[in-house]
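# Structural characterization, general
Each chain is listed here by its residues.
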Amino acid sequence: MPIILRAHHLLCFLGFKGAGYSKEFVGNFERVYKSVYLKNAPITIVSFPDEICRYCPNLAATECRFEGKVKKYDEKVVELLKLYGLSDLEDVLPSEVYNVLKQALPQQLESICQTCEWFALGFCRESFHRKDLWKNG
């Protein structure tokens, strides 16, 4: 069974530093991060709340309080994936996804995340410029 993953969380993995909204959120994020990013477990890429969102304080019932904003992040990531040749987003290996994302310019990745609170803290910028540090791809 592939892990259901919001598209923009693929970029969040690149800047993950073990910080988050709460202890429960970080523990859950780390569990998914290890399975997907470190162990290359198959994923299905979506644009709705996923496993990571389960412990997010912004999840209200089945939708994020900031759904409009995060859905745009998802859409932009999916656009990049398709632009660089990945059209099948179901049951795909993260290593395949990151190989495709490596083709993107750092500025393209930054433009997706520029309004994210975590990006403003500098969690992702280095990884967007140092793709040689990516665990997958």
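First, a word on scope: everything that follows refers to the structure included in this document. Quantities reported herein were computed from a predicted structural model and do not represent experimental measurements.

Here we come to helix α2 (residues 23-38). Among the residues of α2, those classed as buried are F25, V26, N28, F29, V32, Y33, V36 and Y37. Looking at the packing, one finds that the buried side of α2 touches β1 (3-6), α1 (9-14), β2 (43-46) and α4 (94-101).

Moving on to the packing of aromatic side chains. Enumeration over the complete set of coordinates arrives at 12 aromatic pairs. Ring plane angle 75° and centroid distance 5.5 Å describe the contact between Y21 and W118, whose orientation is recorded as edge-to-face. With Y21 in the loop between α1 and α2 and W118 in helix α6 (residues 117-120), the pair connects residues that are 97 residues apart, well separated along the chain.

As a further point, take the nonpolar core. Of all hydrophobic cores here, the largest spans 43 residues; its most connected members are L10, L11, F13, I43, I45, L81 and V97. Only β1, α1, α2, β2, α3 (67-83), α4 and α5 (106-113) provide two or more residues apiece to this core. Looking at this core, the element that brings in the most residues is α2, giving 7 residues. Excluding anything up to four places from it in sequence, L10 contacts L5, I43, I45, V77, L81, V97, Y98 and L101.

The next point concerns the packing of α3 against α5. Interaxial distance between α3 and α5 falls to 9 Å at its minimum, and their mutual angle equals 160°. Compared by their axis directions, α3 and α5 come out roughly antiparallel. Contacts between α3 and α5 involve Y73, K76, V77, L80 and L83 from the first element and Q108, L109, S111 and I112 from the second. Across the contact of α3 with α5, the residue classes tally to 6 nonpolar, 2 polar and 1 charged.

A few words now on the environment of P106. Within the secondary structure, P106 is located in helix α5. Sequence separation of P106 and K82 is 24 residues, and the distance between their C-alpha atoms is 17 Å. Residues contacting P106, with those up to four places away along its chain left out, are F128, H129 and K131.

Cut-offs and rules
- Residues numbered from 1 in each chain as written.
- Predicted model: local features only at pLDDT ≥ 70, side-chain atom pairs only at ≥ 80, totals over all residues.
- Heavy atoms only, no water.
- Buried < 20%, exposed > 50% of the residue type's maximum accessible area, 1.4 Å probe, protein only.
- Helix = DSSP H or I, 4+ residues; strand = E, 2+ residues; numbered from the N terminus.
- Contact = heavy atoms within 4.5 Å.
- Phe/Tyr/Trp six-rings, centres within 6.5 Å; stacked < 30°, edge-to-face > 60°.
- Core = buried A, V, L, I, M, F, W, Y, C linked by side-chain atoms within 4.5 Å.
- Axes fitted to C-alpha atoms, helices over the stretch in contact; angles between N-to-C directions.
- Parallel < 35°, antiparallel > 145°, perpendicular 65-115°, else oblique.
- Nonpolar A, V, L, I, M, F, W, Y, C, P; charged D, E, K, R; others polar.

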